[in-house]
Amino acid sequence: MSGFHFYRLSKPKQYVYSLSAVLLVAGICFLFSDILDYHVVALLLLVTVSLAAVSFDIRPVLLAAALSALIWDIFFIPPRFTYVVKKAEDLVLLAMYFIIALFSAVLTARIRGMESLARQQEEKTREVTLYNTILNSLSHELRTPIATIIGATDNLQENDDKLSAANRVKLLQEIGGAAFRLNQQVENLLNISRLESGFLQPRKDWTDIGELIHHILRQFDPSASLHRIEKQIGPNLPLFRLDKGMLEQVLYNLVNNALVHTPPGSLVFVYASHTDNGLKLVVEDNGPGFPETAIPRVFDKFYRLKDTGITGTGLGLSIVKGFTEAMGGTVMLENRPSGGARFIVLLPADSSPSIIEHE
């Protein structure tokens with residue numbers, strides 16, 4: 001977690017804090033002015049201004065520096081309680097004090113500005129690297145289904161009279177599966193653009209969760225043949241007033257993530273139930289689970305697990321989080337004690353008084 005920076009405070013608060021610090025130190029020094037040499041007081045005030053320069057913007061610090069010089073002149077330099085400075089050396093010290101305080105404020109502001117510029121350049125470098133990685137990944141993710149579609153189509157066109165009925169069916173299935181994967185990649189890109197636009201508003205309508213789950217799981221029949229998908233719909237589950245389109249994307253990406261990151265033969269389990277506040281969806285598997293260090297980052301945009309050999313754009317789980325939060329809900333990830341990952345989605349929603357029975 002990044003540290004807190006005082007210069008992120010509003011300008012009025014920076015003025016208040018910087019001036020208050022000078023007044024506080026000056027007040028304490030004044031109480032002990034009988035035993036404190038006024039040269040020591042100057043040093044303490046200068047340290048206070050320097051600390052303010054590190055913490056605040058330049059204008060509040062300049063005002064604090066001017067105030068501290070004025071206070072030191074009036075309340076500490078003999079003769080006290082006047083603007084008069086009789087000794088030439090004290091006059092030089094006062095001028096030097098003000099110059100050093102101003103120089104400290106300006107120098108610190110410039111250093112902080114250079115640090116900010118360096119951070120921005122570093123972030124831009126990381127963004128360029130990230131987007132190059134994502135573009136390479138996207139080119140692969142989009143090229144693969146496109147190549148499948150082109151290859152199967154060419155085969156159908158050039159060898160139509162030589163292909164058996166079974167081969168034709170197989171090629172058409174390859175085209176359909178590749179088109180489905182291609183459509184999903186484009187859908188993810190469009191969804192992330194919608195989320196980043198900041199104008200995403202849920203369109204709530206009464207939704208049959210059991211029917212929605214059946215519809216989503218049917219889409220995975222071609223790609224999930226090596227997995228087992230089981231579902232459990234809570235008894236007497238009512239209708240929920242939710243954005244059906246967003247919920248479809250949430251559930252689809254969670255199930256797809258489980259299928260992609262678990263070995264063949266794994267079990268993917270989908271569970272829906274009614275809570276006091278709305279709907280609870282659980283998607284879990286008995287695969288390898290997630291490294292504990294990766295769990296806080298899995299919902300970040302473009303984040304992908306390293307050294308897994310699995311390609312992808314890293315958008316699915318960020319879409320899950322974005323749509324869930326857009327509907328006012330929360331999504332959590334935990335590793336199951338017996339092995340595997342468990343995603344829990346909690347969505348506040350009105351429910352209908354009528355009850356729907358699901359098989």
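It should be noted that the structure appears before, not after, this text.
Residues numbered from 1 in each chain as written. Predicted model: local features only at pLDDT ≥ 70, side-chain atom pairs only at ≥ 80, totals over all residues. Heavy atoms only, no water.

### Points about the overall build of the chain
So, point 1. On a plain count of helices and strands, the chain comes out with eight helices and eight strands.
So, point 2. Of all 359 residues assigned to the chain, the portion counted as buried reaches 38%.
So, point 3. A separation threshold of at least 6 residues defines the contact pool for the chain, and within that pool the share at least 24 residues apart is 71%.
So, point 4. For the chain, the exposed area adds up to about 20800 Å²; of that, 60% sits on carbon and sulfur atoms. (Helix = DSSP H or I, 4+ residues; strand = E, 2+ residues; numbered from the N terminus. Buried < 20%, exposed > 50% of the residue type's maximum accessible area, 1.4 Å probe, protein only. Contact = heavy atoms within 4.5 Å. Areas by Shrake-Rupley, 256 points an atom, 1.4 Å probe, with all protein chains shown as cover.)

### Here we look at the nonpolar core
So, point 1. Among the nonpolar cores identified, the biggest contains 42 residues, and Ile209, Ile213, Leu247 and Leu279 are the most heavily contacted of them.
So, point 2. Breaking this core down by element, the ones donating at least two residues are helix H6 (209-218), strand S3 (237-242), helix H7 (244-260), strand S4 (267-274), strand S5 (278-285), helix H8 (316-326), strand S6 (330-335) and strand S7 (341-348).
So, point 3. Sorting elements by how many residues they give to this core places H7 first, with nine residues.
So, point 4. Setting aside chain neighbours within four positions, we find leucine 279 in contact with Ile209, Phe240, Leu242, Leu247, Ala272, Ser273, Val345, Leu346 and Leu347.
So, point 5. Ala53, Ala65, Val85 and Ala105 belong to the second largest nonpolar core, which has 26 residues in total. (Core = buried A, V, L, I, M, F, W, Y, C linked by side-chain atoms within 4.5 Å.)

### Focus on empty space enclosed by the protein
So, point 1. Tallied over the full model, the rule gives one cavity of 30 Å³ or more.
So, point 2. The wall of the largest cavity is formed by Asn257, Ala258, His261, Thr262, Asp285, Pro288, Gly289, Phe290 and Ala341.
So, point 3. Of the residues that constitute the lining of the largest cavity, the class distribution is four nonpolar, four polar and one charged. (1 Å grid on protein atoms, 1.4 Å probe; cavity = no way out; pocket = protein on both sides within 12 Å on 5 of 7 lines; lining within 4 Å. Points joined across faces, edges and corners; volume = space filled by probe spheres on them. Nonpolar A, V, L, I, M, F, W, Y, C, P; charged D, E, K, R; others polar.)

### Things to note about the packing of aromatic side chains
So, point 1. Scanning the entire structure with this criterion turns up nine aromatic pairs.
So, point 2. Here the aromatic rings of tyrosine 38 and tryptophan 72 are separated by 6.4 Å at their centres, their planes lie at 40°, and the arrangement is tilted. Residue tyrosine 38 is found in helix H2 (residues 38-55), and its partner tryptophan 72 is found in helix H3 (residues 58-75); the two are separated by 34 residues along the sequence.
So, point 3. Summarising the aromatic geometry, the rings of phenylalanine 299 and phenylalanine 343 are spaced 6.1 Å apart at their centres and angled 85° between planes, so their arrangement reads as edge-to-face. Of this pair, phenylalanine 299 sits in the loop between S5 and H8 while phenylalanine 343 sits in strand S7, and the two are 44 residues apart along the sequence. Of the two residues, phenylalanine 299 and phenylalanine 343, neither departs from the other in class, the shared state being buried.
So, point 4. One aromatic cluster is present, built from ring pairs that chain together Phe30, Phe75, Phe76 and Phe81. (Phe/Tyr/Trp six-rings, centres within 6.5 Å; stacked < 30°, edge-to-face > 60°.)

### Re the side chain of aspartate 208
So, point 1. Take aspartate 208: it is sitting in the loop between strand S1 (205-207) and H6.
So, point 2. As a buried residue without a salt bridge, aspartate 208 has its nearest oppositely charged side chain in lysine 244, at a separation of 8.7 Å.
So, point 3. At a separation of 3.1 Å, a polar atom in the side chain of aspartate 208 contacts the main-chain amide nitrogen of glycine 210. (Lys, Arg positive; Asp, Glu negative; His and termini not counted. Salt bridge = Lys/Arg side-chain N within 4 Å of Asp/Glu carboxyl O. Polar contact = N/O pair within 3.5 Å; in protein donor to acceptor, adjacent residues only side chain to side chain.)

### Let's talk about helix H1 (residues 11-31)
So, point 1. Taking 1.5 Å of rise per residue, 21 residues should cover 30 Å, and H1 covers 30 Å from first to last C-alpha, within 8% of that figure.
So, point 2. For H1, the secondary structure elements touched by its buried residues are H2 and H3. (Expected span 1.5 Å × (residues − 1).)

### With respect to unusual backbone geometry
So, point 1. Proline 78 connects to proline 79 through a cis peptide bond whose omega is -10°.
So, point 2. As for its position among the elements, proline 79 is in the loop between H3 and helix H4 (88-158).
So, point 3. You will see that phenylalanine 81, though not glycine, has its phi angle at about 65°, which is positive.
So, point 4. Here phenylalanine 81 is to be found in the loop between H3 and H4.

### What to know about the environment of valine 40
So, point 1. With respect to the helices, strands and loops of the structure, valine 40 is situated in helix H2.
So, point 2. We classify valine 40 as partly exposed; its relative accessible area is 36%.
So, point 3. When the C-alpha positions of valine 40 and cysteine 29 are compared, they lie 9.2 Å apart, and in sequence the two are 11 residues distant.

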